[in-house]
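Understanding the architecture of this molecule
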Amino acid sequence: MRERFEHLRAWQRRLYEGGWAGVAWPKEYGGRGASLMEQVIFLEEMARAQAPPIANTLGVGLIGPTIIHFGTEEQKRRFLPKILSAEEIWCQGFSEPNAGSDVAGLRSTARLDGDHFVIDGQKVWNSYGWVADWCALVVRTDPSAPKHKGLTYILVDMKSPGIEVRPIRQMSGESEFAELFFNNVRTPAANVLGKVNQGWEVALGTLMHERATLGASITIVYRRSFDRLVELTRQIRKNGRPLSEDAVVRQKLAQAYTELEVFRLNQMRSISRLSGAGIPGPEGSILKIFWSEYNQRFQQTAQEILGPYGMLEEGSPHAVDGGEWAYGFLRTRGNTIEAGTSEIQRNIIGHFVLGLPKSY
Amino acid sequence: MRERFEHLRAWQRRLYEGGWAGVAWPKEYGGRGASLMEQVIFLEEMARAQAPPIANTLGVGLIGPTIIHFGTEEQKRRFLPKILSAEEIWCQGFSEPNAGSDVAGLRSTARLDGDHFVIDGQKVWNSYGWVADWCALVVRTDPSAPKHKGLTYILVDMKSPGIEVRPIRQMSGESEFAELFFNNVRTPAANVLGKVNQGWEVALGTLMHERATLGASITIVYRRSFDRLVELTRQIRKNGRPLSEDAVVRQKLAQAYTELEVFRLNQMRSISRLSGAGIPGPEGSILKIFWSEYNQRFQQTAQEILGPYGMLEEGSPHAVDGGEWAYGFLRTRGNTIEAGTSEIQRNIIGHFVLGLPKSY
Amino acid sequence: MRFELNETQLLLQKSAREFLANECPMAEVRRLMETETAHDAGLWKKMADQGWTGMICDEEDGGMGLGMVEMAAVFEQMGRALLPGPFLSSVALAGPLVAAAGSEAKRRYLTPMIEGKACATAALIEDSAEWDPAGWRTRAEADGNGYKLHGRKMFVTDACASSFVVVAARLSGEMALFAVSKDSAGSGICRLKGMDRTRPVYEMKFEGTPAELLMKGAAAENALSHALAVATVALAAEMTGGMSKVLELTVAYAKTRKQFDQVIGKFQAVQHMCADMFLWTESSRSAVYYAAYALDKRLPEAATAVSVAKVYAGEAYREVGNRGIQVHGGMGFTWENDVHLYYRRAKASENAFGETGDHRERIARQVVG
Amino acid sequence: MRFELNETQLLLQKSAREFLANECPMAEVRRLMETETAHDAGLWKKMADQGWTGMICDEEDGGMGLGMVEMAAVFEQMGRALLPGPFLSSVALAGPLVAAAGSEAKRRYLTPMIEGKACATAALIEDSAEWDPAGWRTRAEADGNGYKLHGRKMFVTDACASSFVVVAARLSGEMALFAVSKDSAGSGICRLKGMDRTRPVYEMKFEGTPAELLMKGAAAENALSHALAVATVALAAEMTGGMSKVLELTVAYAKTRKQFDQVIGKFQAVQHMCADMFLWTESSRSAVYYAAYALDKRLPEAATAVSVAKVYAGEAYREVGNRGIQVHGGMGFTWENDVHLYYRRAKASENAFGETGDHRERIARQVVG
């Protein structure tokens, strides 16, 4: 795992040196200064060529853009180039055990002590914690304020004393996520992004970025899965004919293709709009709903097509594609939960896009 | 319409004379005194024989059972036999323009004046109003009480001065329902069913009866539609083969059959439980959800199978079965709204069956 | 490419929206749908004055020479307004067929259409209701200088409002397209009563009906497949416009209707239905404009993109309609409420130019083989 | 008929529920599923002491002689407890196969099963994973007094926990059933890693493996179709029990988990998911008990009723699992939470004894022709 990661880090470093790590990022911080659409095209080409992913996914995809938007000049110079070069890997700490969908209900605290904040609390559903150098954290700095008002977004060095990372085992079997424990962790106040007690606006920016852009490289990954499933239907025979000639299977594949294509086009429209507006809007929620729910329907379709072979897991004889489909089916269950549940996304559309009263 | 109705009334009269109008009703009020399950079996046999429906649907199905449960001995003797014989046809007035799902929010009033109540207000979604002799009405008798507490269930002679019936045209084109207007309508206080200001409990009894029993004769009607659709797939040819041999069509038909059969069995279990307990419970809501949503899915399946011919309406050349399928498709849209929306039914299950907090 | 409308396109869309709001409000839709043809000559003239009747015709023929994306932008507004009458049949279906004919035929048939003096439709599918021309059996025979047609066409939209009808028929085994004037066809036209009263459908019988040959063989086949693609995009654009209107009506209702002492839009069950309607509407829009773009640029995936738009919009419009009626409750189930008029259009559109299952099979032919 | 369990049946159900709560709590399920066979000899003995291993065997053979409805009532509780090990394979599948054999074979194979001294399974489907025996190619050849088997069986449940395996093979073209002892088959058994760890599946290779003939021809075919119907009902009952447990866990979580300062069960979106889970669970129960009843009374519609139960329970269990995980949020996605163990069982069950599409086609054969 560690070895594979170092591999990806080296790969990102090469991209960085060629000026490809941050296609749409400003040149002065190591980017290429091109448009967002050009960046998307580059990402698509990467995926199409089956190039490996970058190492610093969260840094480049979410935290970097947030720093570009909310950071001071000094913060930008300090952090952005090392994000692109993968010299510093980033993770983020938003969710807590008691604040999942209700992100603003978090309880981890930071109190000012001289020119440092002292952080205590627990975060959950953290990715890359085991390897990260820095963490983008949202903590409560004013416990007496209404819940959205007392939060601060702060950048924490993961090598600070008092941080513990414990892996969470998922239902799909592996441990992609971890819990983070903060015990008296001291961080310079200069590492606050945006203003103290105004962290909710900064965090929202990150969340909306997540919704609006997560889909970009996913599309091609999904398309590869779809193509592979089509290929499998040509190989699997039922009643003496390849499944690809079965009318019911063909309807299912065409439906999956339709949805995937519509998702791709939604994504393109969103990028197009983002290029104009700069800041993603609440419409990003339809992308989040679409990719997660499409993927669940697709994996179910795949299971129906592959039959009992599809449920064989990694390491099993006869497992289709090394158990990838069984893993995919189980992993996909989390899609409508992670990065904001489908229910939260529908609340956002209802309230912020359609102007209906808050329902929660 | 009137002529056909008199036909049905004569038919119900014959059933009554043979002792078949109220199979599970007490003998002393004109019933047969048999079990509820025997009544269901009789209804199924009626439907299977394609016998016409009875005339006094609401009287026999909903209001009669409510009178049996809540009425005084005098009310029972006065009303029940004439319900069974169809001498007196019944309608009911629950919904109002501003109290649809929120039945208890109704605003029609009745104030006591001597030994009479004087009724003012407006009811909507009334069936049989154009032909009814009596109406079971829920009205507000104590405007100062909390909304469930000030209601009274009262039986009103439709020939009383001050009642007006105006038909509502539905999206499917015909006028099955009407609005009722009450203007200074005087009704003897002796016609209150249950107690004054305790009408909500009586109304709930009627509503739960509606959910629990409406399905009984529907099952066979649905089964006839299903069988007819199967027959049509044998006649319609596509790409040179009857649709009944098309793999996709076969999957759809089998799925419809599965749901219909599960609905029938749910219904049977409910009747079985009702025979024991006497009073239907909130589980009746799953029957309401199931029949309405099954029927919508089935009519959609039928449209997919029948293609553009399926959307031809009554009176059109080439309309399939005289336009029955086009009408069915449109009429069915109302199924998840009438007799308590699907949303209300899910609220009832969530709150009253599963014990979750009230969500509305 | 940009995935948003440019300024010209937005302007066109805006002017179409305003024109239709003024000239064809719902009261007018309801009036027209009760007439024999759902067609209003006055309204037609005003649309011709806007240049719309020649919208996608070449400028040298007197048209506006707009592309497919611009066409979709206008049709979206027409769907939103539920514009009754033969606009789609004439401009997006019969128009492209006639435009593919020789210059003499174009002068005789297309020019009056562009000028707003004639409108037209096409008679294609037959008893089997299949959109694959291989299943069409109407035949033509030479008769002196002209031809005579024998056969029966089904579900011809707007036949009665049209001055002539483009008919697909076999001529010595080859596919061919003919023009039949309303005068010759008249007695064989019989109205069917479809769910969508704003777009009447007809049965047409040909029993030796005189007809003029427009084109035949590969030219006829290519014209057919192109015209059907154009008409399908126009229809899917209309469907998207219809969805956005249903969404708008529904959200407005959810904001004002009160039950249990609060507006129903505050109930999560209702609010999430509205959110889904938004998702379907926006997603259809993405699919439709890409299909228009792909068709305009004649991209290799154009045919598939058109089928994707049709499949997605078909299910989406129906589901948006279902949710729209559900949120409106009893009110949504009345004739007076406008949602069911859109719902009826949705149903008819789902069947037009190939049902959902047929388009899925077309997609499968491309992506599965 | 009554559509509710009678007092004896309710008593049986209650005692099974209590037994399993005590003897096989979730901690024990988690322990067993990490073992090689997911089978515990001690637990098996206790179940045999309850008489369950001979539950549906004739009293004259030493069984309890219970009917299908009683069997379903016990299996529902087993599914609720997520009982690991070969109970279904042995009692509901291999048992009915062996019980159809001659008295000598019954004495040798069924008696020890009833007494709890042996358990068994059946090896039926092959590479194609099709449940129609017409597609099975494993063959038997006579060898002195006995037979030898050649072929490969797939997805055999609980093969390693079984003392013998009933194998379907062709003998001179006829369908025949054989008993193969674990000792002879051992080297050809290879574990597959299915999603459901509580019910391990295996590949079995036969390369001249010695076997004893149980029955052949029509007798074997009838035994197979009856045993598969019994096993399918038992499985669907288990599935219903699993659903009701997932519903219970989910409602309990929705009543305690707070977000936005209230319990999440108050949010309509969450509450309606729970309501749907209730609807699916109760509806599956209706379908399952009717299938059991129809099979018990050998009604003509029994086979269809069994397929209806399998189709409905298959989709319902999956959807109940989907909603259950969704309501649990991040917690539902962890290994520690029990819901995914049921979800994995749901997935495996959906495939067992014929996939949903296959059972739909069987239904179509009855109701469409």
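Located above this text is the structure these notes cover.
Residues numbered from 1 in each chain as written. Chains lettered and ligands numbered in written order. Predicted model: local features only at pLDDT ≥ 70, side-chain atom pairs only at ≥ 80, totals over all residues. Heavy atoms only, no water.

Structural notes on the overall build of chain A
- Looking only at helices and strands, chain A has ten helices and ten strands in total.
- Since a compact globule built from 360 residues should have a radius of gyration of about 21 Å, the 21 Å found for chain A is in line with a globular shape.
- The dimensions of chain A, computed from C-alpha atoms along their principal axes, are 75 × 45 × 40 Å.
- Relative to all contacts within chain A whose residues are 6 or more apart in sequence, the contacts with residues 24 or more apart total 69%.
- For chain A, the exposed surface amounts to about 14000 Å²; the carbon and sulfur share of it is 53%.
- Once the 42 positive and 40 negative side-chain charges of chain A are each reduced to a mean point, those two points are 3 Å apart. (Helix = DSSP H or I, 4+ residues; strand = E, 2+ residues; numbered from the N terminus. Rg over C-alpha atoms; globule rule 2.2 N^0.38 Å. Contact = heavy atoms within 4.5 Å. Areas by Shrake-Rupley, 256 points an atom, 1.4 Å probe, with all protein chains shown as cover. Lys, Arg positive; Asp, Glu negative; His and termini not counted. Charge placed at Lys NZ, Arg CZ, Asp CG, Glu CD.)

Some details on the environment of A55(B)
Residues and elements named next belong to chain B.
- On the secondary structure map, A55 appears in the loop between α2 (36-48) and α3 (57-70).
- The class of A55 is buried, set by a relative accessible area of 1%.
- As for A55 and S285, which are separated by 230 residues in sequence, their C-alpha atoms are 26 Å apart. (Buried < 20%, exposed > 50% of the residue type's maximum accessible area, 1.4 Å probe, protein only.)

Thoughts on the interface of chain C and chain D
- With four residues of chain C in contact, the opposing surface of chain D contributes four residues.
- Both sides together, the interface formed by chain C and chain D hides about 320 Å², and carbon and sulfur atoms give 54% of it.
- Area buried by chain C at its contact with chain D is led by F267(C), Q268(C) and A269(C), which between them contribute 90% of it.
- Our count for the chain C to chain D interface comes out at three residue pairs in polar contact (both at pLDDT 80 or more).
- Residue composition of the side of chain C that touches chain D, grouped by class: two nonpolar, two polar and no charged. (Buried area = accessible area lost by both parts, 1.4 Å probe. Polar contact = N/O pair within 3.5 Å; in protein donor to acceptor, adjacent residues only side chain to side chain. Nonpolar A, V, L, I, M, F, W, Y, C, P; charged D, E, K, R; others polar.)

Remarks on the packing of helix α9 (residues 268-296) of chain C against helix α9 (residues 268-296) of chain D
- Interhelical geometry of α9(C) versus α9(D) gives an angle of 95 degrees and a closest axis separation of 8 Å. If you check the angle between α9(C) and α9(D), you find them roughly perpendicular. Residue-level contacts link Q268(C), A269(C) and H272(C) of α9(C) to Q268(D), A269(D) and H272(D) of α9(D).
- Classifying every residue of the contact of α9(C) with α9(D) by side-chain character gives two nonpolar, four polar and no charged. (Axes fitted to C-alpha atoms, helices over the stretch in contact; angles between N-to-C directions. Parallel < 35°, antiparallel > 145°, perpendicular 65-115°, else oblique.)

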